[in-house]
Amino acid sequence: MRSFLIINGPNLNLLGTREPSIYGAKTLDDIAEELREWSKVHSVEVSFFQSNHEGAIVDAIQGAKGIVDAIVINPGALTHYSIAMRDALIAIETPFVEVHLSNVYAREEFRHKSVISDVALGKIVGLGSIGYRLAVEALLERLG
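Residues numbered from 1 in each chain as written. Predicted model: local features only at pLDDT ≥ 70, side-chain atom pairs only at ≥ 80, totals over all residues. Heavy atoms only, no water.

K.L.:
Explain the overall build of the chain here, please?
P.N.:
Looking only at helices and strands, the chain has five helices and five strands in total. Element order for the chain, N to C, with α for helix and β for strand: β-α-α-β-α-β-α-β-β-α. Against the globule reference of 15 Å for 144 residues, the chain gives a C-alpha radius of gyration of 14 Å, in line with a compact fold. Taken along its principal axes, the extent of the C-alpha atoms in the chain is 40 × 30 × 25 Å. (Helix = DSSP H or I, 4+ residues; strand = E, 2+ residues; numbered from the N terminus. Rg over C-alpha atoms; globule rule 2.2 N^0.38 Å.)

Structure representation (structure tokens):
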């Protein structure tokens with residue numbers, strides 16, 4: 001059975017109430033439950049981590065080394081500036097996919113830049129909560 005860590009960054013704990021016209025009505029717990037149910041059928045163990053603190057996310061990434069097969073990460077605002085997160089993702093040598101619920105390219109210019117896209121296996125944007133499942137599917141395909 002494969003083991004994946006799903007990491008969510010700042011403000012994603014507010015999903016369901018934070019700008020539902022952009023992020024949808026589902027809470028982070030709703031998304032996690034849907035992914036858990038899907039993962040059971042596909043023999044994947046998923047664990048979830050969310051923090052509003054950059055250092056806690058870096059710690060979670062470092063703690064995943066040798067423990068999980070892959071990471072799905074929605075870094076939130078950290079996407080645009082966290083070199084510490086980028087360095088941690090590179091250092092642990094664990095494949096990961098970047099996910100964003102909204103289409104960041106249809107939004108403010110500052111959201112177009114990601115400091116991790118070039119080191120990710122892939123990036124899924126604008127597909128809402130299904131993006132997490134698609135990331136897990138892509139990672140399963142890549143891992144064989």
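That covers the picture; the talk isn't over yet.
K.L.:
Help me understand the layout of surface pockets in this model?
P.N.:
Unfilled space is identified by rolling a water-sized probe across the atoms. If you add up the space inside the largest pocket, you get close to 180 Å³. Surrounding the largest pocket, 15 residues form its lining, Tyr23, Gly76, Ala77, His100 and Arg111 being those nearest its centre. In the lining of the largest pocket, the residues fall into six nonpolar, six polar and three charged. (1 Å grid on protein atoms, 1.4 Å probe; cavity = no way out; pocket = protein on both sides within 12 Å on 5 of 7 lines; lining within 4 Å. Points joined across faces, edges and corners; volume = space filled by probe spheres on them. Nonpolar A, V, L, I, M, F, W, Y, C, P; charged D, E, K, R; others polar.)

K.L.:
How should I be thinking about the sheet that holds strand E5 (residues 122-125) in this particular structure?
P.N.:
What links the strands of a sheet is backbone hydrogen bonding, and the strands pair in either a parallel or an antiparallel sense. Ordered by their spatial adjacency, five strands build an open sheet running E2-E1-E3-E4-E5, and the pairing between neighbours is parallel. Taken across any chain shown, the strands that pair with only one partner, and hence form the sheet edges, are strand E2 (44-50) and E5. For this sheet, the mean inter-axis angle between neighbouring strands, taken without regard to orientation, is 20°. Strand direction decides the pairing type here: strand E4 (residues 96-100) and E5, joined by four bridges, are parallel. (Pairing = 2+ DSSP bridges. Axes fitted to C-alpha atoms, helices over the stretch in contact; angles between N-to-C directions.)

K.L.:
Which parts of the structure should I look at to understand helix H5 (residues 130-143)?
P.N.:
In an α-helix, one full turn covers 3.6 residues, which means residues spaced three or four apart are oriented alike. Given a rise of 1.5 Å per residue, 14 residues ought to cover 20 Å, and the 20 Å separating the end C-alpha atoms of H5 matches this to within 8%. Where H5 is concerned, the buried positions are Gly131, Tyr132, Ala135, Val136, Leu139 and Leu140. Taken together, the buried residues of H5 touch strand E1 (2-8), helix H2 (28-41), E2, strand E3 (70-74), E4 and E5. Looking at the residues trailing H5, positive phi occurs at glycine 144, about 85°. (Expected span 1.5 Å × (residues − 1). Buried < 20%, exposed > 50% of the residue type's maximum accessible area, 1.4 Å probe, protein only. Contact = heavy atoms within 4.5 Å.)

K.L.:
How should I be thinking about the pattern of salt bridges in this particular structure?
P.N.:
A side chain of one charge can pair with a side chain of the opposite charge if their charged atoms are brought near each other. Counted by the stated rule, this structure contains nine salt bridges. With its nearest N and O atoms 3.6 Å apart, the salt bridge here joins aspartate 69 to arginine 2. Highlighted residues: aspartate 69 in the loop between helix H3 (54-64) and E3 and arginine 2 in strand E1, separated in sequence by 67 residues. A relative accessible area of 27% places aspartate 69 in the partly exposed class. For lysine 123, the salt bridge is made with glutamate 98, and the minimal N-O distance between the two is 3.8 Å. Separated by 25 residues along the polypeptide, lysine 123 in strand E5 and glutamate 98 in strand E4 bring together distant segments of the chain. Beyond isolated ion pairs, a larger network of salt bridges with shared partners links Arg107, Glu108 and Arg111. (Salt bridge = Lys/Arg side-chain N within 4 Å of Asp/Glu carboxyl O.)

K.L.:
I would appreciate a short explanation of the packing of H2 against H5 in the present structure.
P.N.:
Angle between the axes and distance between the axes are the two parameters that describe a pair of packed helices. Contact geometry of H2 with H5 gives a least axis separation of 10 Å together with a crossing angle of 35°. For the pair H2 and H5, the crossing hand works out as right-handed. For the pair H2 and H5, contact is made by Ile31, Leu35 and Trp38 and by Tyr132, Arg133, Val136, Glu137 and Leu140, respectively. (Left-handed = near helix turned anticlockwise from the far one by under 90°.)

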